[in-house]
Amino acid sequence: MSDVVEKTLTALPSLLSLDSHPGSAKLSSTSKLGNLIRGITELTSKHEEEKLIQHELLAIKEQVSSPNTTMRQMKELMVRSIYCEMLGYEASFSYIHAIKLAQQGTVLEKRVGYLAVSLFLNESHELLLLLVNTVLKDLQSTNLIEVCMALTVVSQMFPKDMIPAILPLVEEKLNHPKEIIRRKAVMALYKFYLIAPNQVQHIHNKFRKALCDKDPGVMTASLHIYLQMIQENPEAYKDLTPSFVTILKQVVGGKLPMDFNYHTVPAPWLQIQLLRILALLGKNDQSTSEVMYEVLDESLRRAEMNHNITYAILYECVKCIYTIHPKSDLLEKAAKCIGNFVLSPKINLKYLGLKALTYVVQQDPKLALQHQMTIIECLDHPDLIIKRETLELLFRITNAQNVTVIVEKMLEFLCISEDDHTTIDLVGKVAELAEKYPLNVSFILCLLNLLYFPINHCTYAPDNEWFIETMNTVFSLGGDMMQPDIPNSFLKLLSEGFDSVEEDRKLKLFAVNSYIPLLRGEPGKLPQRFLQVISWVLGEYSHLREDLEPAEVLSLLAKLLDMKNSSSETKSWVLMAMTKLCKGGADASVTQEVSETYSSSLDTVLRQRAHELQYLSQDPELRARVLPRGATPETLEVDSSLSFLDRFVSEALAAGAAPYKPPHQRQEELDQSKALSLEPYGLSLPISMSSCSITDRQSPTLLSMSSGLSGDSADLSHKGGSSALKLDGVKRVWGREGYLAQREPVEEAAQVEVPSPIQSPGRQGEGDSLHSQTPTQTPTPEPEQEKQQLASSLFVGLASQSSVSLMGKSEPTPQRFRRKAKGQGPGSSFNASEQISSSLISPPSAVDNLLCNNLLDSNNASELAEQTSQLSQSLTTANGTCHTEAELTEPDTKGCNPALRRDNCVVAADPGPHDDPGRLTEVCLDSYLPAELSGLSHSEIAPLCANQSLNLSACYVQKEDSLILVVFIINSSESAIQQMLLQVDSEELEVSCLSDSPAGEVTSHSVAVGQYSLTVKRPAVHVEVVGTVSYQLPAGTSQSLQFSYKVPLTSFIRPFVVSTEEYGTMWLSFSHDTKQNLTLINDNQEPLTATLNALKKKLQLHVVEVIGMEGIVACRLLQDLPCLMHCRVNAGWLAVWLRSPVPDLPDCLIYHCQRALQSL
Amino acid sequence: MEPSRLKERPAADRRMIKFVLMVNRQGQTRLSRYYHSVELSRRAALEADVVRYCLSRKKDQCSFVEYKDFKLVYRQYAALYIVVGITDSENELSIYELVHNFVEVLDKYFSRVSELDIMFNLDRVHIILDEMIQNGHIVETNKSRILAPLTAIDKMVES
């Protein structure tokens, strides 16, 4: 608490008479403002407030419009208006007077005028235009205070369209001798950048000057602009990294004047700002990150003082360290730092620690393990915000094995949360998790069932309610984005029921009861899937509610049919439900009407349902047979060969029908026939014939390949199911953890009887200085045990690196080892089991690892060596895998080097930090280009991403009919990686894998190459491929690395050779077009030819013909998306008209034409 | 409750201060400054909510509260609460200290500030705040620089 002394209201009289303060000096107790304030302080009810303020507003209104009001009085009136608006009463009549006050007042009056304007008006208010002249005048004033005020208001709000009017004046102020003017000018430019970035494009170098300003305040102001710009495009500002580092170094080192300190900490908010900038710059960029390691270390060290603000800096520093390219000793320090946060008794620090941890586990999920006990404690914390943040953290470490436990925790929180937003957010997350782990959805539902039904028979009813309502929330919120699995499993659960018939009935009845009011309300707001669920449930179970007339249900359902936004799928569910319900008699009119309406529907499914409804409603006997009430779901056998149609087919053939052809055959024939006829419409141009058939011929191989891939990944995930970390959706920036050696011992977690077979036991570690309070080896009390049980189920799957079965009862773990070993050869399977048995006997530790290794060395070294050399030999022959150092590795292998030991040893010692992960990057990757591509020109080989074991680079090669993406995967670690799988995908592109994708093993310091052929699916200005490499480290950890790679659309453009006649025909048939004027190149006599030639050179366009002042140009986008361009010289511009059958293509191309001409 | 709200979240990710409020224990607003547009009619309800959230917290509880899609950072000075609404990606602790810095600046200017000082000098408190926060970003934290424009104005008025 500060030393601020509060003066209570009782001090009012003395305050008013005692004019000691600069502010209160001008106030007398009789002033109107004084009266208002006194009135406000004495308010006791909302009603009184309203009376007072309405009265006040009337008085102000009267006075502002009086011509005799002085500026000084006007200022007071404005403050009173501010009061009224602050309490929520509009005083719009005073807005214009606020502008007038800013215009005509002097000094304080003027300032209050500006202040009132900025409080009253929003940025788009039209009155703001009236302020422009005043600002313009004040900017030119000789009074610095007025200049200052004008700049302040400009940096708060200014009409976008009027920026050009004052921009030169503001720019001029950047050179003002006074720091405050320069600083405010920079802030004004920042505002311009925010609202109209292109208006200040030309003054970027002035921003640089501001960054180098001798005054720290001006420099600080410029950082706002830089943070914004770097967020948008980090690449463009990498060169400034050393400057930011130097600035931070100086600030941290205390080089700023003393008055920048806050509680002896030098400019803390400036430090935070700089750390944010550095994080953005160093993200995914090793060389830039290296520049900042030293200063980050320094920041961590300096911020040791025990004050909130130093923790705020530390938090930012930790975030930065975990965002940039990793450095192990920094990570270690940052992790320790987070430990201090989460263990702190100060609740604010604990919160921030959890928030940091939430951020960090996205990069390294294993860090959560160090703090698992704290996390469990936080989950039960009485303060909801701590609990909430903990759930946020758990959400980030969700994997296939712990998803059920985490969802359960979320649902528990949902029961106590009263805040709408939290509910929406959490339900959204539950739905998201359900979507991410579809296999577990039914599991979740069963779990809900288990949890909330059999346990408490006495409190049964509210649980029912809770279950149905939760599902209702999930349906309403998850809506149509939800996976179809969820409603399906829900319906299955409902129909199959549980143990007791009576309970089932209650549950179904409750569902019916909850849906009827929903339909009576506003069903139009419910998502389609939910409506479908409702229709089904009502169709099946509405009879359970005795007081409910089927006729009413029918009319409610019929209402759904009339809704505009009901999809035809929903309508068909509704008709189905009506068919189940109709009994003739009173209901007949509704059903009759409905079936008549839909029996002529254009939708065949609806038509069929309508007919069914019609017939079945008239024939109750048939209906009872087809749709028996309360039938248990039976399995249906589907005749997928459609043999029952055989007779129909043979009859049709006999009658002269053409035999069936599979789609690809039809397509091929269609293409050929099209190639012959000169069809004006459609895409198939002469050029497409060859490429199209090629893809067709390729497709079976591609198919088999992709199925092979998916089979592989299924295998992977299956293996991962035991204890490997499932990394779906968890972005991993680095693979090996430099600081994992610190993991705390939690052996006891494994000793607890774990109820679920899928839960693997705890993990081991080498001890952690931070966690002395965690009990070890001692018999744990009941609640403690519960917590550990929870811990083991929550953190399962995170500790794969070192998951060693302590008690030997975790079946999946050894299984995994055996399976993996099997793949490596006969010798190692023996090793592996021996390994396990040795680890069963003694608690694992570094010593044991050593022991194991020795064991290995002495017994099986020769076998191992043999087997590994086989392995590497098979690798060299593997297609697409370049084995650079095979010769080097093999002798090493025989000597049984540490890398090999890691390869085969199960209880792997943690690898030491890799000092030089990017060793191979400098090697010329050109030589790894596949032979068939080496003759062609390729783009610069750009680094994609890297972690401690892998380095990825890529380039693209332009072939005549395709664009080949080449991905180089460099294993920079000391050990081989296994089961590597490279997956590349893109939203805008069709990606197909060429040759073999580099799957399988990549030995140490070798390069694997993947080739992908890219074609454009949907044109965009820039297209991007994203990819994931997943692989296993020798120790058995699954890792993955994600990357993205931008390819300019221009690289897909090829000349399109057509005759003028063909051009003419096509022109008329293309429907998407765009027009724009481009600049002409004016450096010689023939601007048209020069411009077209320039475009031809830059973009590979084909100039079809030039006639006088007009030119026609054609190109195609791979594979065969044509685009035609008509150019005409007009008034010094090149009027360009682009046409294509493909939407967006003309717009994208015009953009690139513009860029191409600008860059000349 | 419409599904689109689920997708909105990343958009609110921009780091910023959404508003600064000063409210007393009776729930009366003493100062409010919004950095994103909130209609006048909705402000009273929002402020009432915010006050309710903060007043219900105990001393030993966290100074940060989740409210709708953003966070509240609050600090109590005698009967006066200062509440700052921030987006989720802001650094809560740095805002918590910013509040204290603000109070220290007010303390320096008014030499021992009270609730009444703030009420009688609402315009000046706003001018001070304008020097510290603009467009939802912290722009100045150096106490003497924050006060420089206002003291210059005061001097002009006196002479």
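Keep in mind the model is a prediction, meaning the values are calculated, not measured.

Peer 1: Could you clarify how one ought to interpret the overall build of chain B in this entry?
Peer 2: Helix and strand counts for chain B stand at six helices and seven strands. Reading chain B from its N terminus to its C terminus gives the helix and strand order α-β-β-α-β-β-β-α-α-α-β-β-α. Counted over contacts in chain B with a minimum sequence separation of 6, partners at least 24 positions apart contribute 50%. For chain B, the exposed area adds up to about 5600 Å²; of that, 51% sits on carbon and sulfur atoms.

Peer 1: Whenever I open this one, the packing of aromatic side chains confuses me. Can you help?
Peer 2: Aromatic ring pairs are defined here through the distance separating the ring centres and the angle between the ring planes. Tallied over the entire structure, the rule returns 18 aromatic pairs over all chains. For the pair Phe19(B) and Phe70(B), a centre-to-centre distance of 5.7 Å together with 85° between the ring planes defines the contact as edge-to-face. Taken together, the residues Phe19(B) in strand E1 (residues 17-24) and Phe70(B) in strand E4 (residues 70-77) connect sequence positions 51 residues apart. Given a relative accessible area of 0%, Phe19(B) falls into the buried group. Ring plane angle 75° and centroid distance 5.5 Å describe the contact between Tyr67(B) and Phe70(B), whose orientation is recorded as edge-to-face. Judged by its relative accessible area of 2%, Tyr67(B) falls in the buried class. Among the residues examined, Phe70(B) registers a relative accessible area of 7% and is labelled buried. Taken together, the ring pairs in this structure connect Phe19(B), Tyr34(B), Tyr53(B), Tyr67(B) and Phe70(B) into an aromatic cluster. Sitting over the face of the ring of Tyr359(A), Lys319(A) holds its NZ or CZ atom 5.0 Å from the ring centroid. Sitting above the plane of the Tyr96(B) ring, Arg75(B) keeps its charged end 4.1 Å from the centroid.

Peer 1: Just checking my understanding: could you explain a nonpolar patch on the surface for this structure?
Peer 2: Together, Leu642(A), Phe644(A), Leu645(A), Phe648(A), Val649(A) and Leu653(A) line one region of the surface with nonpolar side chains, adding up to about 580 Å² of accessible area. With respect to the helices and strands, Phe644(A) occurs in the loop between helix H33 (620-626) and helix H34 (646-654).

Peer 1: How do you make sense of the side chain of Ser299(A) when you look at a structure like this?
Peer 2: Residues and elements named next belong to chain A. Mapped onto the fold, Ser299 is located in helix H15 (residues 286-302). Overall, Ser299 belongs to the buried group, its relative accessible area being 2%. Look past the residues within four positions of Ser299 in its chain and what remains in contact with it is Leu248, Val252 and Cys317.

Peer 1: Mind showing me how you'd approach the sheet that holds E1(B) here?
Peer 2: Across a sheet, paired strands are connected by hydrogen bonds in the backbone, their directions being either parallel or antiparallel. All names here are of chain B. Read across the sheet, five strands follow the order E2-E1-E5-E4-E3 without closing on themselves; strand pairing throughout is antiparallel. A strand with exactly one partner marks an edge of an open sheet, and here the two such strands are strand E2 (29-34) and strand E3 (64-67). Each strand of the sheet is rotated relative to its neighbour by a mean of 20°, with strand direction disregarded. Of the pairings in the sheet, the one linking E1 to E2 comprises five bridges and is antiparallel in character. Among the inter-strand pairings, Val23 is bridged to a residue of E2, identified as Thr29.

Peer 1: So what exactly am I meant to see when it comes to empty space enclosed by the protein here?
Peer 2: One water molecule sets the probe size; rolling that probe over the atoms shows where empty space is left. Here the structure, examined in full by the defined rule, presents 12 cavities of 30 Å³ or more. Considered as a void within the structure, the largest cavity measures approximately 380 Å³ in volume. Residue lining of the largest cavity: 24 residues in total, with His224(A), Trp269(A), Gln273(A), His137(B) and Ile138(B) positioned closest to the centre. Only helix H12 (216-232) and helix H14 (268-282) of chain A together with strand E7 (137-138) of chain B provide two or more residues apiece to the lining of the largest cavity. Top contributing element to the lining of the largest cavity by residue count: H12(A), with six residues. Split into classes, the residues belonging to the lining of the largest cavity amount to nine nonpolar, 10 polar and five charged.

Peer 1: Can you help me understand the pattern of salt bridges in this one?
Peer 2: Where charged atoms of side chains with opposite charge meet at close range, the side chains can pair. Taken as a whole and assessed by the stated rule, the structure comprises 40 salt bridges over all chains. Of the charged contacts, one joins Glu131(B) and Lys184(A) as a salt bridge, the two residues approaching to 3.0 Å between their closest N and O atoms. Of this pair, Glu131(B) sits in helix H5 (residues 122-132) while Lys184(A) sits in helix H10 (residues 179-195), on two different chains. For the residue pair Glu131(B) and Lys184(A), the accessibility class agrees, reading buried in each case. With a shortest N-O distance of 2.9 Å, Arg301(A) and Glu298(A) are connected by a salt bridge. With Arg301(A) and Glu298(A) both in helix H15, this residue pair falls three residues apart, about one helical turn.

Peer 1: What should I look at first to understand helix H46 (residues 1087-1099) of chain A in this one?
Peer 2: At 3.6 residues per turn, the α-helix brings residues three or four places apart onto the same side. All names here are of chain A. In a regular helix each residue adds 1.5 Å, so 13 residues correspond to 18 Å; H46 covers 18 Å between its end C-alpha atoms and thus fits that length. Among all positions of H46, only Pro1087, Leu1088, Ala1090, Thr1091, Leu1092, Ala1094, Leu1095 and Leu1099 are buried. Gln1100 lies just past H46 and shows a positive phi near 60°.

Peer 1: What is the right way to look at unusual backbone geometry in this model?
Peer 2: Trans is the common state for peptide bonds, and a negative phi is the common state for residues other than glycine. If you check the backbone angles, Asn284(A) has positive phi at about 55° while not being a glycine. We note that Asn135(B) has phi near 55°; this positive angle belongs to a residue other than glycine. You can see Asn135(B) is positioned in the loop between strand E6 (133-134) and E7. Take Asn135(B): its relative accessible area is 13%, and that puts it in the buried class.

Peer 1: So what exactly am I meant to see when it comes to the environment of Leu1118(A) here?
Peer 2: Residue and element names in this part refer to chain A. Its place among the elements puts Leu1118 in the loop between strand E16 (1110-1117) and strand E17 (1121-1130). Residue Leu1118 is classed as buried on the basis of its relative accessible area of 0%. For Leu1118 and Arg1054, which are 64 residues apart along the polypeptide, the C-alpha to C-alpha distance reads 7.2 Å. Beyond its immediate chain neighbours, meaning those up to four positions away, Leu1118 contacts Glu960, Asp961, Ser962, Leu963, Thr1015, Val1016, Phe1052 and Arg1054.

Peer 1: Can you help me understand the interface of chain B and chain A in this one?
Peer 2: By a frequent convention, interface size equals the accessible area lost on bringing the separate parts together. The interface of chain B with chain A comprises 82 residues on the first partner and 93 residues on the second. At the junction of chain B and chain A, the tally comes to 11 salt bridges. Of the charged contacts in the structure, one is a salt bridge between Lys71(B) and Glu389(A), with a shortest N-O distance of 3.8 Å. Per-element tally for the side of chain B that touches chain A: the top contributor is helix H3 (residues 92-110) of chain B, with 13 residues. Residues that form the side of chain B that touches chain A fall into these classes: 32 nonpolar, 21 polar and 29 charged.

Peer 1: Which parts of the structure should I look at to understand the confidence of the model for chain A?
Peer 2: As a note on interpretation, predicted positions should not be read in detail where pLDDT is low. Residues and elements named next belong to chain A. Averaged over chain A, the pLDDT score is 72; the fraction of residues at 70 or greater is 69%. Of all the helices and strands in chain A, helix H39 (residues 812-824) carries the lowest mean pLDDT, 35, while H14 carries the highest, 95. Here residues 1-29 is modelled with pLDDT under 50, and outside its nearest four sequence neighbours on either side it reaches 50 contacts, counting other chains as well. Here residues 439-443 scores under 50 on pLDDT; set against residues more than four positions off or in separate chains, the count is eight contacts.

Peer 1: Looking at this structure, I do not really get the pairing of strand E5 (residues 950-958) of chain A. What am I missing?
Peer 2: In the case of a regular strand, side chains alternate between the two sheet surfaces. Residue and element names in this part refer to chain A. Of all nine residues in E5, eight are buried, a share of seventy percent or more. Bridge count for strand E4 (residues 942-946) against E5 is four bridges, and the pairing is antiparallel. When the bridges of E5 are listed, Ala942 appears paired with Ala954. With antiparallel pairing between neighbouring strands as the criterion, E4 and E5 make up a hairpin whose turn holds three residues. Two strands pair when backbone bridges link them, and E5 and strand E6 (residues 963-971) are joined in this way by nine bridges, in the antiparallel orientation. Residue pairing across strands places Gln958 opposite Leu963, the latter belonging to E6. Linking two consecutive strands that pair antiparallel, namely E5 and E6, is a turn of four residues.

Peer 1: In this structure, what is going on with the sheet that holds strand E7 (residues 977-985) of chain A? I would like to understand it.
Peer 2: Residues and elements named next belong to chain A. Spatially, E9-E7-E11-E12 is the arrangement adopted by the four strands of the open sheet, whose pairing is antiparallel. Each having just a single partner strand, strand E9 (1000-1002) and strand E12 (1038-1048) make up the two edges of the open sheet. Each adjacent strand pair in this sheet contributes to an overall mean axis angle of 35°, direction not counted. Inspection of the sheet shows E7 paired to strand E11 (residues 1022-1032) by six bridges, in the antiparallel sense. Bridge pairing in E11 places Gln983 opposite Thr1028.

Rules of the game
- Residues numbered from 1 in each chain as written.
- Chains lettered and ligands numbered in written order.
- Predicted model: local features only at pLDDT ≥ 70, side-chain atom pairs only at ≥ 80, totals over all residues.
- Heavy atoms only, no water.
- Helix = DSSP H or I, 4+ residues; strand = E, 2+ residues; numbered from the N terminus.
- Contact = heavy atoms within 4.5 Å.
- Areas by Shrake-Rupley, 256 points an atom, 1.4 Å probe, with all protein chains shown as cover.
- Phe/Tyr/Trp six-rings, centres within 6.5 Å; stacked < 30°, edge-to-face > 60°.
- Buried < 20%, exposed > 50% of the residue type's maximum accessible area, 1.4 Å probe, protein only.
- Lys NZ or Arg CZ within 6 Å of the ring centre and 35° of its normal.
- Patch = residues over 30% accessible without salt bridge, like charges linked within 9 Å, V, L, I, M, F, W, Y side chains within 5 Å.
- Salt bridge = Lys/Arg side-chain N within 4 Å of Asp/Glu carboxyl O.
- Pairing = 2+ DSSP bridges.
- Axes fitted to C-alpha atoms, helices over the stretch in contact; angles between N-to-C directions.
- 1 Å grid on protein atoms, 1.4 Å probe; cavity = no way out; pocket = protein on both sides within 12 Å on 5 of 7 lines; lining within 4 Å.
- Points joined across faces, edges and corners; volume = space filled by probe spheres on them.
- Nonpolar A, V, L, I, M, F, W, Y, C, P; charged D, E, K, R; others polar.
- Expected span 1.5 Å × (residues − 1).
- pLDDT = per-residue confidence, 0-100.

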